[in-house]
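As a plain string of letters, each chain reads:
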Amino acid sequence: MQRLLPRFLSIPRQYALTMMSKSVAASEGRKCLELNASDIICKYRHRGQILIYIMFYIILLILAASMAQSQPASVVDESMRAESIPLLDQTPDISPAGYEVTTMKIDTGVISDRTPLPFEDIPGPAVLKIWEKYWKYVPLLGTQLFSSLLINRFTQGRLSWNRNVTPLKYLFNEYGCIVRINGPLSGDIVMIHRPEHIAEVFKQEGDAPVRSGIDILQHYRLNYRKYRLAGPFSLQGLEWLEMREKVEKDFEQIASYSFCKIEAICDELIGRIYKIRNRQNEVPGNFHEDLLRWAMECFCNLTFNKHLGFLESAGYNSTSEASRIINALAMAHKYMSRCETGFQVWRFFLTPFAKKLFDACDVLDGVIAKYVRQAQSKLRTRAGDKSAEVENSSPILEKFLLNEGIHPDDICTLLMDMIILGVQAAANSEAFLLYYLARNPRTQRRLYDEISTVLPNTDSPFTENALKNMPYLKACLQETLRLRPTLPYISRLLPKTISLHGYTIPKGTFVIMANQITSQREENFEDPTKFRPERWLVSGAKEDVEFSYLPFGYGARSCLGKRMAETEMMLLTAKLIRQFRIEYDYADIGSKFMMVNVPDKSLRFRFVERN
């Protein structure tokens, strides 16, 4: 072995000299090395020696290739040095006295080329360009956004998608304000966060915008339940526009007609708090379930005109209908997130996660179908009575059934989307609002003073007009939704080619707008991480940040239940603040992404009675 090393090491020296003197091509050098390697391997068959030789020759190949690639550059350098221009021109010294020195005027109009850069030049993770040709053999990924596997690839395993917008922040910090991801997610994806870029996308979306749907729910309805449509959240284009026109008016009116019902349910939650507090006035760690029950009770009262007792003692019995619905809702929310943010193997066979999701959806679907049948029977017995008073006082389900343009199957899918997404959104947003008030005692005190001014007596009744006269309460809700919007991003499919940040974005590109990052950047909001409701009391504040603050979406695809959700949350918050001083003494509560933003810690609030 020792005798062979001099002979072995002489090969790279000879090869390097040949490359430097005669400019031999790298391919010929590799052939020479391969022949020498085969001779040595045939002569010495010991495995250890062969492995060592292979390792050395791999290094030599890399060195040879790098030398061959670097040679043209060195030749250019030599030529430049040979023909270099002297720094000082050896000309006679001429006095400037006889010459007029003028100042050069620069034409700024021709400094830069305004031609948009090609789409392929948008920066993004380069590793996917290598993988792109292999993705056609892999099951499709969820169009909702990313799978945990891809996020780990983007960030070298340092981050996880359930940390919410952290991976998006990583990509923006790494590649800039516009990021392209090519190949794996059923086409090209562009991610943006600047308000002017978001405004440009919305400006081009037209009357029937297309966004990402929830693939697993679409699969459940079309392939498992055999419904005619996938549901309103998954509807696109003109189908969605027609559905929205049929139900939008009913959604706008329902909050006003049901204000008293919402107030009664808020009182039930207050009674529940008195019952579950310990001696330190602290509620248990599962208080989030009580908020979910409050939101679900509001939904059932407004939709079915049924009081199911979610907050009553009997409703907490595991065999009650209320508990079955709450458990099914929690399971559906959990496994929908898992199915949607991974490889969609459930398209080919029923996976364990998909089965649990479908079982939970069957429970919710059965409850909805039962109340649809009851409402249809009630309407048949009341046929002919179409007075305005009766129609206005009807629950939203009956309003939908009275609309002859809506198929009963579409009503069922619409109500299930409202339960799975809308009820969860209301409960989670209320949880974040109470948390921020508990963490900011001065803000909470100012809110209490406003409530006491509008309703000076403890028995003064809450009314819709009273809520409208509480601008600071509305500002607290707006600030909460700025910091923790229900959906941390909004998606659109471009209907036409546009230009963003100097790049051409072609028609059909999937655009993800990171609105939670937008609403937490210094250039859009002063002290963006601070909870400061006062910022919303400035005249014109909402208009100044129109595309920096999109908690309910934008345009034709904005949230239908916006007004109903705002009324529920503002009324509950006002009643709680008038009754209690809310405190929180534990670690900061962040959010995790489970299709919507969810608190990542227990809501162990202290509700200290004010009187």
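An unreviewed UniProt entry lists the chain under the name Probable cytochrome P450 12a5, mitochondrial, with Ceratina calcarata as the source organism. Listed under Cofactor (unreviewed entry) in UniProt, the entry text for the chain is "heme".

J.: Explain the UniProt feature "binding site: heme" (unreviewed entry) in the chain to me, using residue names and the numbers behind them.
T.: What UniProt calls "binding site: heme" (unreviewed entry) maps, in this numbering, to Cys559. Structurally, the position occupied by Cys559 is in the loop between helix 21 (541–544) and helix 22 (562–579). Classification of Cys559 by relative accessible area gives partly exposed; the value is 37%.

J.: So what about helix 19 (residues 471–483)? Which residues, and what values?
T.: With 13 residues, helix 19 should cover 18 Å at 1.5 Å per step; its first-to-last C-alpha distance of 18 Å lies within 8% of that length. The buried fraction of helix 19 amounts to eleven of the 13 residues, a majority that puts the element mostly inside the structure. Turning to helix 19, its buried residues number three or more, namely Tyr472, Leu473, Ala475, Cys476, Leu477, Gln478, Glu479, Thr480, Leu481, Arg482 and Leu483.

J.: Describe the environment of Gln376, with residues and values.
T.: Looking at the element boundaries, Gln376 is found in helix 13 (residues 352–381). Accessibility expressed as a relative area gives 27% for Gln376, which makes it partly exposed. C-alpha of Gln376 to C-alpha of Leu401: the two residues are 25 residues apart in sequence and 7.3 Å apart in space. Gln376 has contacts with Leu401 and Pro408, leaving out every residue within four places of it along the chain.

J.: A description of the sheet that holds strand 1 (residues 178–181) should follow, citing residues and the corresponding values.
T.: Sheet architecture is open: four strands sit in the order 1-2-6-3, paired in mixed fashion. Among the strands making up the open sheet, the edge pair consists of strand 1 and strand 3 (490–493). Sheet twist, expressed as the average angle between the axes of neighbouring strands with direction ignored, equals 20°. Examined bridge by bridge, strand 3 and strand 6 (residues 510–513) share four bridges and lie antiparallel to one another. Looking at the pairing, Leu493 lines up with Phe510 of strand 6. Sitting on the sheet, helix 7 (residues 195–203) touches strand 2 (189–192), strand 3 and strand 6, and the angle it makes with strand 6 is about 135°.

J.: Any details on the pairing of strand 2? Residues and values, ideally.
T.: Covered by surrounding structure in strand 2 are Ile189 and Met191 together with Val190 and Ile192, the residues of both alternating faces. For strand 1 and strand 2, the ladder comprises four bridges, and the chain directions are antiparallel. Considered in strand 2, the bridge of Ile181 is made with Ile189. Across four bridges, strand 2 lies against strand 6 in parallel orientation. Bridging from a neighbouring strand, Met191 pairs with Ile512 of strand 6.

J.: Describe the confidence of the model for the chain, and please don't skip the residues or the numbers.
T.: In the predicted model, the chain carries a mean pLDDT of 76, and 70% of its residues have values of at least 70. Every residue in residues 1–112 is under pLDDT 50, and counting partners more than four places away or in other chains gives 46 contacts.

J.: Let's hear about unusual backbone geometry: which residues, and what values?
T.: For Asn305, which is not a glycine, the phi torsion comes out positive at approximately 60°. Summarising the element assignment, Asn305 is placed in the loop between helix 11 (287–304) and helix 12 (321–340).

J.: Would you mind going over the pattern of salt bridges in detail, with residue names and values included?
T.: In this structure the tally under the stated criterion is 27 salt bridges. Two residues, Asp362 and Arg225, come together in a salt bridge whose shortest N-O distance is 3.4 Å. Placement of Asp362 in helix 13 and of Arg225 in the loop between helix 8 (215–224) and helix 9 (237–257) is noted, with a sequence separation of 137 residues between them. What makes Arg225 partly exposed here is its relative accessible area of 33%. Notably, a salt bridge pairs Arg244 with Glu248, separated by 3.4 Å at the nearest N-O pair. Of the two residues, Arg244 and Glu248 both sit in helix 9, four residues apart, roughly one turn of that helix. Overall, the relative accessible area of 9% leaves Arg244 in the buried class. By relative accessible area, Glu248 is classed as partly exposed at 28%.

J.: Can you explain the nonpolar core? Please cite residues and give values.
T.: Judged by nonpolar contacts, the single largest core of 119 residues is most densely connected at Phe287, Trp294, Met296 and Phe605. Sorting elements by how many residues they give to this core places helix 16 (residues 408–439) first, with 20 residues. Excluding its chain neighbours within four sequence positions, the residues that come into contact with Phe287 are Leu269, Ile273, Ile276, Leu603, Phe605 and Phe607. With 20 residues, the next largest nonpolar core counts Ile192, Ile498, Ile505 and Leu550 among its residues.

Rules behind the numbers
- Residue positions within a chain follow its written sequence, with the count starting from 1.
- Residue-level local features of this predicted model are given only where pLDDT is at least 70; pairs of side-chain atoms are given and counted only at 80 or more, and the full residue set underlies all totals for whole chains, interfaces and linings.
- With hydrogens and water excluded, all non-hydrogen atoms of the structure serve as input to the side-chain values.
- UniProt positions are given in the numbering used here, feature names are shortened, and annotations may be inferred rather than shown by experiment.
- Counting from the N terminus, the helices are the DSSP runs of H or I reaching at least four residues and the strands are the DSSP runs of E reaching at least two.
- Accessibility here uses a 1.4 Å probe with only protein chains present; expressed as a share of the type maximum, an area under 20% marks a residue as buried, one over 50% as exposed, and anything in between as partly exposed.
- Multiplying 1.5 Å by the helix residue count minus one yields the expected span of that helix.
- Any pair of residues with heavy atoms lying within 4.5 Å of one another is described as a contacting pair.
- A pair of strands counts as paired when DSSP detects no fewer than two bridges linking them.
- To define axes, lines are fitted to C-alpha atoms, for helices over the stretch in contact only, and angles between the resulting N-to-C directions are given on a 0 to 180 degree scale.
- Confidence of the prediction at every residue is given by pLDDT, a number between 0 and 100.
- Between Lys or Arg on one side and Asp or Glu on the other, a salt bridge is scored when a side-chain nitrogen of the former is within 4 Å of a carboxyl oxygen of the latter.
- The set of buried Ala, Val, Leu, Ile, Met, Phe, Trp, Tyr and Cys residues whose side-chain atoms join them within 4.5 Å is what this entry labels a nonpolar core.

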